[in-house]
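# Descriptive analysis of the structure
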Amino acid sequence: MTAERQTLAAHQLWEGCRDSTSVPLNRATLGSLGDGLFAGVVRPALTDHDRMRLTGCLEDTSVDRAHLTVVGIGDADADDD
């Protein structure tokens, strides 16, 4: 799969799962880190339940010929802004 198609598939999955949480994800972005790795950023921070729902949606949802695995979840420190 080309890098362009990987990016399109990742964004399709991300957009499809933004409604899986109890709060609207109006400030949620997805960026490429290279080599088929993407980072999603959600503000404000999610509850544990919403993290579970978003992770489940991302890993269970599929786009033709694409599969996503969540490799890490964490909070940013206040002084990281």
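The structure contained in this document is the topic of the report that follows. (Residues numbered from 1 in each chain as written. Predicted model: local features only at pLDDT ≥ 70, side-chain atom pairs only at ≥ 80, totals over all residues. Heavy atoms only, no water.)

## What about the environment of His49?
Operational definition: Labels follow the DSSP assignment, with helices taken as runs of H or I lasting at least four residues and strands as runs of E lasting at least two, numbered in each case from the N terminus. The rule is simple: take the accessible area with a 1.4 Å probe, protein chains only, and divide by the maximum for that residue type; under 20% is buried, over 50% is exposed, in between is partly exposed.
Counting through the fold element by element, His49 comes out in helix H2 (residues 48-60). The partly exposed category is assigned to His49, whose relative accessible area is 46%. When the C-alpha positions of His49 and Thr29 are compared, they lie 20 Å apart, and in sequence the two are 20 residues distant.

## Details of the nonpolar core
Threshold: Side-chain atoms within 4.5 Å link the members of a nonpolar core, which is a set of buried Ala, Val, Leu, Ile, Met, Phe, Trp, Tyr and Cys residues. We call two residues in contact whenever any of their non-hydrogen atoms come within 4.5 Å of each other.
Within the largest apolar cluster, eleven residues are counted, these being Ala10, Trp14, Cys17, Leu25, Ala28, Leu30, Val42, Leu46, Leu54, Cys57 and Leu58. Among the elements of the structure, helix H1 (3-17), strand E1 (27-34) and H2 are those that each provide at least two residues to this core. When near neighbours in sequence (up to four residues on either side) are disregarded, Val42 contacts Trp14, Leu25, Arg27, Ala28 and Leu54.

## A closer look at the side chain of Asp50
Heads up, the rule is: The charge count includes Lys and Arg as positive and Asp and Glu as negative, but it does not include His or the ends of the chains. We define a salt bridge as a side-chain nitrogen of Lys or Arg found within 4 Å of a carboxyl oxygen belonging to Asp or Glu. In protein, a polar contact requires one atom able to donate a hydrogen and another able to accept it; more generally it is a pair of N or O atoms within 3.5 Å, and residues adjacent in sequence count only if both atoms are side-chain atoms.
Positionally, Asp50 belongs in helix H2. Buried within the structure, Asp50 lacks any salt-bridge partner; Arg53 is the closest side chain of opposite charge, at an N-O distance of 4.4 Å. Engagement of the side chain of Asp50 in a polar contact is seen with the side chain of Ser22, the distance being 2.8 Å. With residues up to four places along the chain from it excluded, the contact list for Asp50 reads Thr21, Ser22 and Val23.

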